[in-house]
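Take a look at the letters that make up each chain.
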Amino acid sequence: MTLAPETSDLISVEIDGVEMNVPKGTLIIRAAELIGTEVPRFCDHPLLSPVAACRMCLVEIEGNPKPQPACAIELTPGMKVRTQRSSEVAEKAQQGVMEFLLANHPLDCPVCDKGGECPLQNQAMSAGRAESRFDIPKRTFDKPVPINSEILLDRERCVSCARCTRFADQIAGDPKLELLERGAKQQVGVANDEPFDSYFSGNTIQICPVGALTSSSYRFRSRPFDLVSTPTTCEHCASGCSLRTDARRGEVTRRLAWHDSDVNEDWNCDKGRFAFTYLSQDRITSPMIRENGELRVASWPEALDVAARGLRSAQGSTAVLTGGRITMEDAYAYAKFARVVLGTDDIDFRARRSSSEEAAFLRSSIAGDCGPTYADLDKAPVVLLVAFEPEDESPIVLLRLRAASLRRGLRVVALSPIASRGLEKIRGEWAAIAPGADANALHALAQGGGDVPNGASIAQALRQPGAVILVGERIADVSGGPSAVAALAAATGARIGWVPRRAGERGALEAGALSGLLPGGRPLDDANARAQVAQVWGVDVADLPISAGREAAAVVSSAAAGGLGALVVGGLEPRDAAQPAAMRRALDNAGFVVSLETRRTEVTDHADVVLPVAVVTEKSGTFIDWEGRRRPFARVFGDALMMSDGRVLAMLAEAMDSSIGRGDVKSLRTELDSFGPWTGARSAVPSDSAAVVQTGGPHLVTWRLLLDEAAMQEGEPNLAGTRRRTVAVVSAATAASLGVAAGQQVTVTGPAGSVSVPVDIGSIVDNAVWLPSNAADCAIASLGVAPGQPVRVSGGAA
Amino acid sequence: MPDLVSPAARGFGVTFRTMFKKVVTEQYPESGAQSKPRYHGRHQLNRWADGLEKCVGCELCAWACPADAILVQGGDNSEGERFSPGERYGRVYQINYLRCIFCGLCIEACPTRALTMTNDYELADHTRDSLIYEKQDLLAPLLPGMAKPPHAMVPGTTESDYYAGNVAGAVPEQFGQGE
Ligand code: SF4
Ligand code: SF4
Ligand code: SF4
Ligand code: SF4
Ligand code: FES
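If you're wondering where the values come from, they're calculated on a predicted model, not measured in any experiment.

**Notes on the overall build of chain B**
If you tally the helices and strands in chain B, you get five helices and five strands. Helices (α) and strands (β) of chain B occur, in sequence order from the N terminus, as α-β-α-β-β-α-β-β-α-α. Here chain B has a C-alpha radius of gyration of 24 Å; the compact-globule value for 179 residues is 16 Å, and the former is much larger. Projected onto its principal axes, the C-alpha coordinates of chain B cover approximately 95 × 35 × 30 Å.

Structure below.
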């Protein structure tokens, strides 16, 4: 075994008589791990700065009169350390510390949720004495007290290790947990009795080495030995966190962040941790067909037969909308099904606000390319955020940017009309632009800066090697925006990272579930690409669609007008669409609708045939995160009967006397892999001109908060309890011109409706109003106005 | 000629003598048979003197069981619905008597003396289902002076008072809450 990497500044040290060379600056506790010695510890955490708060890790250092904490002392050349393995002094010191830690510990393991997986239990056995000499009464506190709706604090159990407080301060950037009081009374608390308001709060439960912080929703549900654990990938966003899903008797009981140093390190967000109740809520378990206007349960053969007949009779006028939440394999099945079985290229995974320009940008600049990675963010000289708010739209990206900014002063610039809380946490720079002016600003940066605040310096920074532009899916709302991003990248050499919100979008893009795009980033209008695809699919190249089909918007408007024969719909929600009303009309007026769904939705309510499919716990698969990195996950419930979208499409293909293969995850993945990378030319980069910024009233700025009214967060009241307060944000000048003060109710009105929310004064450009897109009582879709457009804002409730 | 008579006579002698000895055969099931007091029979989930349950749903019994016969799921006592003193109670409790080998390890594991074994050995039945005993089948009967949970703790006491033996029985306001 190599003890440490061969670098020039290695020092030679000795631990328990083992001589070793370690890089300078290595902590004793890390070096001991290298030779397989685990020094007992509580406060030590590799990703948090050392504090030596618990004193559990005492070791003997030669020449030092007293035992020293191994977690906080760096090795120096020639240092000789003896741990509990070879030193009685160290062993006795550790036992003494353990005795002190237990002096005030309630030892109520039978009623403690940490029991069975508790470092204190384990280390009391391995590094403690059987008997305590303390027989005085223990300190008591009221227990448990909630520090937010997700987390319960039991102060009696706390060992004051400061892991939670350091996490909140150093990692999450929400320094709202503190160690209060001193001595035996020392306790964790929240400032001013305000709840611990953080999107990352659940991580403190996981790193607390005792049962002082426990989860309200997991409370008393299980013991570790009841759980079957499966490594999974979070299905909520494109950050791509590794998770561990724990299930008991066919039910998911909890999810934990799982270690992946390339992606989420040891962390995840509260949405990924707590939002899984939806997996078992009002599921559809059997196929249904519509008869006399009502859905009725049908057998698989019957339902497939009806679906096959409906689709066949609409041949030539069909389209596929997959939704953005499918796995790469399922997306590939949809992509193949559309082209081979339906013979159409009318397919789109974007069931949200989207544009043709965006599609062209994705085909030309994102698909088939490995973009910048998390590690590239760590190293980048500058990161420019365009139409992207990392904390709400991809929280692990926020953590990485924050870590790099704190560690080495990474420069992060947000091109945005509003300076978000996330930007403040990153200590980023706000390049304020008017709503909808993104494209103009990007072009200005490409030309050297223009009138963008600090433009010249940003433009220059972007020209440094390693610079990254992170662009969110909201760029689709800015006409000319995607083109301008591509132009800026071309002008400066910066790399583009496209960060969609949904976990399945990047995978769907790579699988070719977008019109004009074949698997692996192959342009449909390239004869070579078509030939390659036809060969893998075993079809005649003449049978493949030859020109790009329609995208979501065109499909929806044609269906709404009654011009579409049949629509195959995956998991999507009409209320997320650019125009929810048009989407509903499309579902109503399409000749025939086949819905592949996991639960009852607005789509199944309109469908002619509903085919039930598996949720993530019932299938394996792969998501592709924003980096383009594959994030495979295993099946949690091996005995689940539900079939994945891919399998169902394969059966449907057979019912239509065609084939897309077996449709199981493995064969779909193998087939997709067999394409290999595309080496030919990519389709053309869009060059739409920047939109003219609209005049008139305050312009709407909006995005979806991490925690909102989304369907996948249903059934989790504790999670919902940590949502942000719904407010509108305006600048002080705008507030003054509207005649409203902070805290007052305002009504924001668009052509189709209005919402009434309290207003806050914030860092936002004048003549703009920010609103959350999908918060409780604040559904922006109901206003009937696109982001960047003017709205009317008036004081008082509607 | 071999002697055929005397071995037979000896045998009948045994029979004859036994006729005058005390009978050890028990006429079960016509008359019930009493086991020894420490016989490992059906389990029981005990109660505190005021009727609250002793089980805290810790699952230690389930963990200790070598036959995987016990299933426990804890629950959170709320102020309005309290089954045991303290935070936690056993919401689901099952023992599968098709698996149990009556070793008593679960009894040793129980930190609250909630689980003990009775002398009841009549545990035969016709169906699997009926041999999985649920919590209500295992709970000790309510004795006079006990109130049926859920109900609050004796006013003025804490969880520790129960463990310290300071609760002698239910007080009037504890009755009627569990209906
Ligand atoms: S609550 Fe847990 S993590 Fe926080 S200081 Fe106490 S023991 Fe450590
Ligand atoms: S950051 Fe995204 S991927 Fe990670 S846990 Fe949260 S929602 Fe899931
Ligand atoms: S007596 Fe033994 S086998 Fe039976 S439930 Fe208890 S531990 Fe399990
Ligand atoms: S019976 Fe005893 S060991 Fe079993 S769950 Fe209840 S308290 Fe725990
Ligand atoms: S682990 Fe070293 S002092 Fe806590």
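**What about the domain arrangement of chain A?**
Residue and element names in this part refer to chain A. What the domain assignment lists for chain A is domain 1 (10–103), domain 2 (109–123 + 133–279), domain 3 (288–352 + 506–673), domain 4 (362–501) and domain 5 (699–795). Taken together, the 23 residues of domain 2 in the interface contact 17 residues of domain 3. Summed over both partners, the interface of domain 2 with domain 3 comes to about 1,400 Å²; 60% of that surface belongs to carbon and sulfur atoms. Of all residues in domain 2, Thr 233, Glu 235 and Leu 279 bury the most surface against domain 3, accounting for 31% of the area lost on that side. Taken together, the links from domain 2 to domain 3 amount to two salt bridges. Linking Arg 629 and Asp 262 is a salt bridge whose minimum nitrogen-to-oxygen distance equals 3.7 Å. There are nine residue pairs in polar contact (both at pLDDT 80 or more) connecting domain 2 and domain 3. Elements with a contribution of two residues or more to the side of domain 2 that touches domain 3: strand E11 (228–233), strand E12 (242–248) and strand E13 (251–257). Residue contributions to the side of domain 2 that touches domain 3 peak at four residues, all from E11. Classifying every residue of the side of domain 2 that touches domain 3 gives nine nonpolar, 10 polar and four charged.

**Examining the interface of chain B and chain A**
The interface is formed by 14 residues belonging to chain B together with 18 residues belonging to chain A. Summed over both partners, the interface of chain B with chain A buries about 1,400 Å², with 55% contributed by carbon and sulfur atoms. A per-residue breakdown of the area chain B buries against chain A is headed by Trp 63, Glu 87 and Arg 88 of chain B, which together make up 46% of the total. When the shortest N-O distance is used, the salt bridge between Asp 76 of chain B and Arg 219 of chain A registers 2.7 Å. Seen at the junction of chain B and chain A, the total is six residue pairs in polar contact (both at pLDDT 80 or more). Put simply, the parts of the chain that give the side of chain B that touches chain A at least two residues each are helix H2 (60–64) and strand E2 (70–76) of chain B. Of all the elements, E2 of chain B adds the most residues to the side of chain B that touches chain A, at six residues.

**Some words on the site of ligand 3**
In the vicinity of ligand 3 lie 13 residues, with Cys 65, Cys 100, Cys 103, Gly 104 and Cys 106 of chain B positioned nearest. Of the residues in the shell around ligand 3, the class split is 11 nonpolar, two polar and no charged.

**Here's the deal with the environment of Cys 61 of chain B**
All names here are of chain B. Assignment of secondary structure puts Cys 61 in helix H2. The exposure class of Cys 61 is buried, given its relative accessible area of 7%. Sequence separation between Cys 61 and Asn 96 is 35 residues, and the spatial gap between their C-alpha atoms is 13 Å. If we skip the residues at most four places from it in the chain, Cys 61 touches Ile 70, Val 72, Tyr 93, Cys 106, Ala 109 and Leu 115.

**Let's talk about the UniProt feature "domain: 4Fe-4S His(Cys)3-ligated-type" (unreviewed entry) in chain A**
The sites that UniProt annotates as "domain: 4Fe-4S His(Cys)3-ligated-type" (unreviewed entry) are residues 89–128 of chain A. Segment residues 89–128 of chain A splits into 60% helix and 0% strand. End C-alpha atoms: 14 Å apart.

**A look at the site of ligand 4**
Every one of the 13 residues lining ligand 4 counts as a neighbour, but Cys 55, Cys 58, Glu 59, Cys 61 and Cys 110 of chain B are closest to it. In terms of residue class, the shell around ligand 4 is built from 10 nonpolar, two polar and one charged.

**With respect to the pairing of E2 of chain B**
Residues and elements named next belong to chain B. The element E2 is extensively covered by neighbouring structure, given that six of its seven residues are classed as buried. Sheet topology note: the E2/strand E3 (residues 88–96) ladder contains seven bridges and is antiparallel. Across the sheet, residue Leu 71 finds its bridge partner in E3, namely Gln 94.

**Structural notes on helix H4 (residues 163–172) of chain A**
All names here are of chain A. Of all 10 residues in H4, eight are buried, a share of seventy percent or more. Buried residues of H4: Arg 163, Cys 164, Thr 165, Arg 166, Phe 167, Ala 168, Ile 171 and Ala 172, and no others. Remark: Gly 173 follows H4 within two positions and exhibits a positive phi of approximately 75°.

**Regarding the packing of aromatic side chains**
For the structure shown, the criterion picks out 16 aromatic pairs over all chains. Pairing Phe 100 of chain A with Phe 134 of chain A gives two aromatic rings, centres 5.7 Å apart and planes at 45°, and the pair type is tilted. A residue pair is termed long-range when its members are at least 10 positions apart, and Phe 100 of chain A in helix H2 (residues 88–103) and Phe 134 of chain A in the loop between helix H3 (119–127) and strand E6 (145–148) qualify at 34 residues. What makes Phe 100 of chain A exposed here is its relative accessible area of 60%. Ring centres of Tyr 28 of chain B and Tyr 121 of chain B lie 6.0 Å apart, and the angle between their planes is 55°; on these two criteria the pair is classed as tilted.

**Brief notes about the confidence of the model for chain A**
Mean pLDDT over chain A stands at 95; residues scoring 70 or higher make up 99%. Low pLDDT, under 50, characterises residues 1–6 of chain A; the predicted model gives this stretch 12 contacts beyond four residues in sequence or across chains.

**Observations regarding the sheet that holds strand E4 (residues 68–69) of chain A**
Strand-to-strand pairing in sheets goes through backbone hydrogen bonds, with the strands running parallel or antiparallel. All names here are of chain A. The five strands are arranged E2-E1-E5-E3-E4 in an open sheet whose pairing can be described as mixed. Two strands close off the open sheet at either side, each with one partner strand: strand E2 (18–23) and E4. Of the strand pairs in this sheet, strand E1 (residues 10–15) and E2 are connected by six bridges, and their pairing is antiparallel. By the bridge assignment, Ile 15 is partnered in E2 with Val 18. Sheet strands touched by H2: strand E3 (58–61) and strand E5 (80–82). Its angle to E3, the strand with the most contacts, is close to 155°.

**Let's talk about the pattern of salt bridges**
It is possible for side chains bearing opposite charge to pair when their charged atoms get close. Residues and elements named next belong to chain A. Tallying each qualifying case throughout the model produces 73 salt bridges over all chains. With a closest N to O distance of 2.7 Å, Arg 353 and Asp 477 form a salt bridge. With Arg 353 in the loop between strand E17 (347–348) and helix H9 (356–366) and Asp 477 in the loop between strand E21 (468–472) and helix H16 (481–492), this residue pair connects regions lying 124 residues apart in the sequence. Assessed through its relative accessible area of 27%, Arg 353 is described here as partly exposed. Linking Asp 708 and Arg 704 is a salt bridge whose minimum nitrogen-to-oxygen distance equals 3.3 Å.

**Some words on the environment of Ala 446 of chain A**
All names here are of chain A. Structurally, Ala 446 is set in helix H14 (residues 438–446). Since its relative accessible area comes to 14%, Ala 446 is described here as buried. Distance in space between the C-alpha atoms of Ala 446 and Glu 235 is 36 Å, their sequence separation being 211 residues. Contacts of Ala 446, omitting those with residues within four sequence positions, involve Arg 463, Leu 488 and Ala 491.

Here is what the cut-offs are and how they apply
Residues numbered from 1 in each chain as written. Chains lettered and ligands numbered in written order. Predicted model: local features only at pLDDT ≥ 70, side-chain atom pairs only at ≥ 80, totals over all residues. Heavy atoms only, no water. Helix = DSSP H or I, 4+ residues; strand = E, 2+ residues; numbered from the N terminus. Rg over C-alpha atoms; globule rule 2.2 N^0.38 Å. Domains from an automatic or database assignment. Contact = heavy atoms within 4.5 Å. Buried area = accessible area lost by both parts, 1.4 Å probe. Salt bridge = Lys/Arg side-chain N within 4 Å of Asp/Glu carboxyl O. Polar contact = N/O pair within 3.5 Å; in protein donor to acceptor, adjacent residues only side chain to side chain. Nonpolar A, V, L, I, M, F, W, Y, C, P; charged D, E, K, R; others polar. Near = heavy atom within 4 Å. Buried < 20%, exposed > 50% of the residue type's maximum accessible area, 1.4 Å probe, protein only. UniProt positions renumbered as here; feature names shortened; annotations may be inferred. Pairing = 2+ DSSP bridges. Phe/Tyr/Trp six-rings, centres within 6.5 Å; stacked < 30°, edge-to-face > 60°. pLDDT = per-residue confidence, 0-100. Axes fitted to C-alpha atoms, helices over the stretch in contact; angles between N-to-C directions.

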